[in-house]
Every structure is written in structure tokens, then in C-alpha cells.
Amino acid sequence: MRQFFKFTLATVVGLILFMLIGVLIVVGLVASTSKEVNVKSKTVLVLDFKGPVHERSIDNTLARLQGGDHDAIGLNELLETIRKAKEDDRISGILLDLNTIEAGAATKDEIRGALKDFKSSGKFIYSKADYYYNGNYYIASVSDKIFLTPSGEMLFNGTSAQPMFYKGMLDKIGVEIQVVRHGKFKGAVEPFIKDHLSEENKLQIRKYKEAVYNAYINNVATDRKLDMVEVFAMADNMKIRSPEDAKSYKLVDVLGYNDEVEKAVREKLDLGEKDKINYLSYSKYKTTEGKKKKEEDRNNKIAVIYAQGEIKDGEGDDETIGGNRLAATISKARMDDKIKAIVLRINSPGGSALASDIIWREVKLASAKKPVIVSMSDVAASGGYYIAAPATYILAEPTTITGSIGVFGLYPNAQKFLNDRLGITVDTVKIGKYSDLGNIARPFNEDEKQILQLFIERTYDNFIMRVAEGRHKSKADIDSIAQGRVWAASDALNLGLIDKIGSLEDAIKIAAEKANISSYMIKELPVLKNPLQEFIKNLSGDARINAALKKELGENYQIYEQLKSLQNKQGIRMELVWWNSNF
């Protein structure tokens, strides 16, 4: 009887907690959606980018209930909000509060493009910051007037990349990473087997960094009405060493505090000294209704399918690409007669070869039935390029990194770690000569290396064959530009790996043209995970620990993730090791 009451009480408590969580979620959802925002005349929209910019908006109510940091910003929603503000007569301008922006280079290009389009309406954009670095200044450079706090700073000093290498650490603990690969440029394996960049990898990094940086300098120079050569020299020689230098070299317009920014905004709006400025935050304005669009044809849809994150076997989640989940999403879009075209938005360094091939098959089937347009974001490399190859048409942002057509396998040998560090020995009873292939307690023998190399060669041959077929080239042509090498968008265009440099909006327009439709509605896929289920899942210890680590480690969390992900990188991979640099 005691046990009965014990289990009954546990059940009741569980139900009460479940109901309480449900009530909190409903309250949060209602609070975030029920308030009607009154947009007044001469309103200034404030964009402060306090959260990271992701490809797609997700429901952040649950994160807020958990006491998380600032909400992530969905690029799709941000671009739509800027377009809405352009057409809204009540919005007179935008104020960019740019102390920080967490976004990739191609994502910044999308934002800049939307802001430039906003300016075409005759409305103004001002930006302010206490400090400008390459990333946030890139966004600010589209502004009509750039303000920098007089005691702040500006760092305008070129671009660099600092990949980390873990071989020394692995040596210390007695773990050897055995690598099988095809592609002399396949730099994804180098952090685990070397303590420095190979010459091939150094070459490709320099090549694509130069291409991306040239685009950066060109855009800054154009928007600031400066000579490109002079702007490059400013950065190369780090001529901006004080706020006064930034103003002298015309990279900023005004050295001023917040009250001086407000004075300039008030003058721009033709307001009196005592008149209140109607500022409106992005989070509030995005929920308002814009001008009614022309009637959308619900029988003509363009599916925008987001593929963001590492490609993994199985279902994945909203921040990774699950091979099965994405393949099923593309399949449903293919079979839906109301969907006339598909735009596949890729932001991925690749991952599992198997999952990539499963997705590739569905992209190929879909492109045989209706237009499939790929829009590449910050990175669409290795497996990320593999799934793009069979598309009807491929676009990349000016600063997209793509290619990396190569294959590798990582197999740890922890014999020394187990024996010398932990005092553990492993004995094996085998039925079959190769039955313990992949045993981490010993190194591979020569026969096993040859077998694994055959697997890699077969996968690589399949990779270049898929690309050759999709891009209408010979395998030899693709092999000559493959070998795991990474390309900037401009080089990828010249090599025929992509068809055009363009934005997500450009991709949607091309999809409509190829589907021969003028009126259509956008359907975003995959369907996002159920927020209640995700909240309950995130109550687990692992989720709480990861959230705490991310908050504590900050930018260094990426190092932790790379080391942790090593356990999931065994087997055959199509992947580019990607890191954030100072642009």
C-alpha cells in the first residue's frame, strides 16, 4: 500500500508540474502576441541585434521562460520586417544600435542588402556604437550617418583566421586520430593530426579569405563613397587608431554621445527640442501588420526549405540537418501539387556522408519534377554542397564559402590512453578476421587501412560523379577543382560550381520565373518542432549544462563543441571544419 501511495503521489505531482508548465507557456505566448502595437507618425525603428542571427525564426517563448539570453533573430523575419518598414509611411527611418552583431559574413550581406533597399525609399538610416569592428561596421557602412562614441574605438585592420589544433592535447592523453581521406585540401582533419596548417590548407584559406575580404572592402568603399585602394590601405596599415582617425578618414561621420545622436535624429525628423522621438523596437514592430499585399495565390506556393547546421544521420533538430527529416520534407514538397517550386536555403559545413546522400536523392527527384533553386548562405561546403549539386539552379551570396568536395574518415586509437593513463587493457575474441574493425583499443593494421581507403575512394568517386551530373561537367573536370578545396563564391562562379551571385530574395524570384508564376505564397519548411516538447526535453540535465557552458565560455564554446563532436565524427564524413574569424 505504501508503494501505491508513493507512485500515486509521484503521478499527481508530475501532472501538476506538467499543467503548470503548460499554463506558463500559454501565458508567455499570449503575452508575446496579444499586445497591439500603436505605430505613430515619424516613428524610428530600432535594430539592436542583441541576439544571434539565425536563418529562421523559432519560437523563443520557452527560452525566455527558462531565463535564457536575448532571443535569436530569424533572418527571414528580420528581412521581412525591414521590407515592411520600407513600405510603412509611419516609419521615417531606422536607427542601428550596433555594439554587437553575431552573424556570418553572408548573413550580413543579406542584412545590408535589405537596408540598402530600405534606403531606396528615401528614408534614412543612422547607426551608433561605442566600438566598431569589422563585422558590425560592415552593417553600419550602409548608413546615411555613422556615430561613434568619442571615448570608444574602431578596429579596422584586415581579416584573419585562427584555426585551432588539438593534436598536442590528444598526444598528451594518449589518443591518436587515424585518418583516411581523399583530397589534399581536406583541412577538416588537420586539427586532429597536425599542430599547424599544411601548405595546401594555408593556400586555400588565404585564397577564399582574400575573395571575401575584397568584397567587404569594395562594399564599404562604395557605400562610404571612398576609393577602394585607399580603404584597403587604411586597413592594411591600421591607420584607424583612434575615434578621431575614424572621422578623419571618413569611416564615421560624427563623434557623439547618445544625446547627440538623439539631437541629430530629432533634427532629421523636424521635431522640436522638447518633442518626444517615437522609437519602436524590432521585437515589437515585427508583430505589426504591414500593408496588405496583393491577393496571394494559395494554389501556387514556393516552398523555402531551410537546411542549417551540421548534417546528421536521423531526425536532427531545428539547429541541425537530420538526413531523414530533411529528405522527408523535400519529398512532401515534391509531391504537393500546390508547391510549384522549391528554394533550398543551405547554411551547412556538411557532415554525415550517408545523410547527405539521402538528402541528395530527394533533391534530385524534386528537381526532375519542379524547379529547385539553391540559395547558399554563410557556408555550403562538402556535404552542404553535395545536397545542392542536383538543383536546377544555384545561387550564393558574395561572401559564401562553398566547395570542399572531398571525403574523410576519423578513427580514434585510444590504446595508449587506456593502457598508460588509465591502466586498462582490452583483449579480443574474434570470429572473422576483420570483426573488430574500428576497435578504439588498437591501431589499424595495413589491411584495414586499405579497406577503409577503398570505402573513402568509393564515396569520393560517388561525390564527384554526383556533382558532375548535376553541373553538367565531366568527372575529370570536377576532380580537378575538388580534392577537398574550399572556394569563395566568386571563384565558384568562375568554376561553374554555382550559377549566380545573389540573395535569398533573388533565389525566390528565379524560382517563380522558372515555375512561370507571378502570384504565389511562401511556405517555410521544415515544420518547426513542437515548442512544448522541446521545452520538456530541455529540462534535462544535459540541456541545462550545455546552456550554462555556452553562457560561461562565450565565443570559446565553439572549441568545446569541436572537441565534444569528435565522438560523433567517426566514419565517413563530408565536412568542412568551420570557425568564426574577425569578419
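Residues numbered from 1 in each chain as written. Predicted model: local features only at pLDDT ≥ 70, side-chain atom pairs only at ≥ 80, totals over all residues. Heavy atoms only, no water.

> How would you explain the packing of helix 3 (residues 75-87) against helix 4 (residues 105-119) if you had to name every residue and give the values?
Two elements in contact, helix 3 and helix 4, have axes separated by 9 Å at closest approach and are oriented at 10°. It follows that helix 3 is roughly parallel to helix 4 by the angle criterion. Contact residues: Leu-75, Leu-78, Leu-79, Ile-82, Ala-85 and Lys-86 in helix 3; Thr-107, Glu-110, Ile-111, Ala-114, Leu-115, Asp-117 and Phe-118 in helix 4. Its residues assigned to classes, the contact of helix 3 with helix 4 comprises nine nonpolar, one polar and three charged. (Axes fitted to C-alpha atoms, helices over the stretch in contact; angles between N-to-C directions. Helix = DSSP H or I, 4+ residues; strand = E, 2+ residues; numbered from the N terminus. Parallel < 35°, antiparallel > 145°, perpendicular 65-115°, else oblique. Contact = heavy atoms within 4.5 Å. Nonpolar A, V, L, I, M, F, W, Y, C, P; charged D, E, K, R; others polar.)

> Summarise the packing of helix 8 (residues 199-223) against helix 9 (residues 228-236); cite the residues concerned and give the values.
Following both chains from N to C, one finds helix 8 and helix 9 inclined at 115°, their axes separated by 9 Å at the closest point. Considering only the axes of helix 8 and helix 9, their crossing is right-handed. On the side of helix 8, the interface is formed by Tyr-213, Asn-214, Ile-217, Asn-218, Val-220 and Ala-221, while helix 9 contributes Met-228, Val-231, Phe-232 and Ala-235. Class assignment for the residues of the contact of helix 8 with helix 9 results in eight nonpolar, two polar and no charged. (Left-handed = near helix turned anticlockwise from the far one by under 90°.)

> Any chance you could break down the side chain of Ser-348 for me, citing the residues and the numbers?
Note that Ser-348 resides in strand 13 (residues 339-348). A distance of 2.7 Å separates a polar side-chain atom of Ser-348 from the backbone oxygen of Gly-309. Each residue touching Ser-348, except ones within four places of it in the same chain, is listed here: Ala-307, Gly-309, Glu-310, Ile-311, Ile-321, Val-379, Ala-380, Ala-381 and Gly-384. (Polar contact = N/O pair within 3.5 Å; in protein donor to acceptor, adjacent residues only side chain to side chain.)

> So, the packing of aromatic side chains: which residues are in play, and what are the values?
Overall, the coordinates contain 13 aromatic pairs when judged by the stated rule. Relative to Tyr-216, the ring of Phe-156 lies with its centre 6.3 Å away and its plane at 35°, an arrangement referred to as tilted. You can see Phe-156 sitting in the loop between strand 6 (145-154) and helix 6 (167-173) and its partner Tyr-216 sitting in helix 8, a full 60 residues away along the chain. The residues Phe-156 and Tyr-216 share a single accessibility class, namely buried. (Phe/Tyr/Trp six-rings, centres within 6.5 Å; stacked < 30°, edge-to-face > 60°. Buried < 20%, exposed > 50% of the residue type's maximum accessible area, 1.4 Å probe, protein only.)

> Any details on the sheet that holds strand 6? Residues and values, ideally.
The pairing of strands in a sheet comes from backbone hydrogen bonds and takes either a parallel or an antiparallel form. Taken in spatial order, the six strands line up as 8-6-5-4-1-9 in an open sheet, and their pairing is parallel. The open sheet is flanked by strand 8 (254-255) and strand 9 (278-281), the only strands paired with a single partner. Across the sheet, helix 11 (residues 258-268) is in contact with strand 1 (43-47), strand 4 (91-97), strand 5 (124-132), strand 6, strand 8 and strand 9; its angle to strand 5 comes to roughly 175°. (Pairing = 2+ DSSP bridges.)

> For the nonpolar core, give the residues involved together with the corresponding values.
Ile-305, Met-376 and Ile-405 are the most contacted members of the largest nonpolar core, which totals 52 residues. Sort the elements by how many residues they give to this core and helix 17 (residues 446-471) lands first, with seven residues. For Met-376, the contacting residues outside a window of four places in its chain are Arg-345, Ile-346, Tyr-385, Ala-388, Ile-394, Leu-395, Ala-396, Glu-397, Thr-400, Thr-402 and Ile-498. Judged by nonpolar contacts, the second largest core, of 50 residues, contains Val-37, Leu-79, Leu-98 and Val-252. (Core = buried A, V, L, I, M, F, W, Y, C linked by side-chain atoms within 4.5 Å.)

> An account of helix 17 is requested, with residue identities and associated values reported.
A rise of 1.5 Å per residue sets the reference length of helix 17, with its 26 residues, at 38 Å; its end C-alpha atoms lie 37 Å apart and thus fit the reference within 8%. Every buried residue of helix 17 is accounted for by Glu-448, Leu-452, Ile-456, Thr-459, Tyr-460, Phe-463, Ile-464, Arg-466, Val-467, Ala-468, Gly-470 and Arg-471. Where helix 17 begins, the capping side chain belongs to Asn-445, and its oxygen is found 3.1 Å from the backbone nitrogen of Asp-447. One or two residues past the end of helix 17 sits His-472, with phi positive at roughly 60°. (Expected span 1.5 Å × (residues − 1).)

> Just give me the short version of the confidence of the model for the chain, but keep the residues and values in it.
Low pLDDT means the predicted coordinates in that region are not meant to be read closely. On average, residues of the chain score 86 in pLDDT, and 82% of them are at 70 or above. Note that residues 29-34 has pLDDT below 50 and, in this model, five contacts with residues that lie over four places away or in other chains. (pLDDT = per-residue confidence, 0-100.)

> Describe the pairing of strand 13, listing the residues and the values that go with them.
One face of the sheet, then the other: side chains in a regular strand alternate in exactly this way. Taking burial as the measure, the ten residues of strand 13 include nine buried ones, the bulk of the element. As defined by bridge partners, strand 10 (residues 301-308) adjoins strand 13 across eight bridges and the pair is classed as parallel. Counterpart to Tyr-306 in the pairing with strand 13 is Arg-345. Looking at chain direction, strand 13 and strand 15 (residues 372-381) are connected through six bridges and run parallel. Counterpart to Arg-345 in the pairing with strand 15 is Ser-375.

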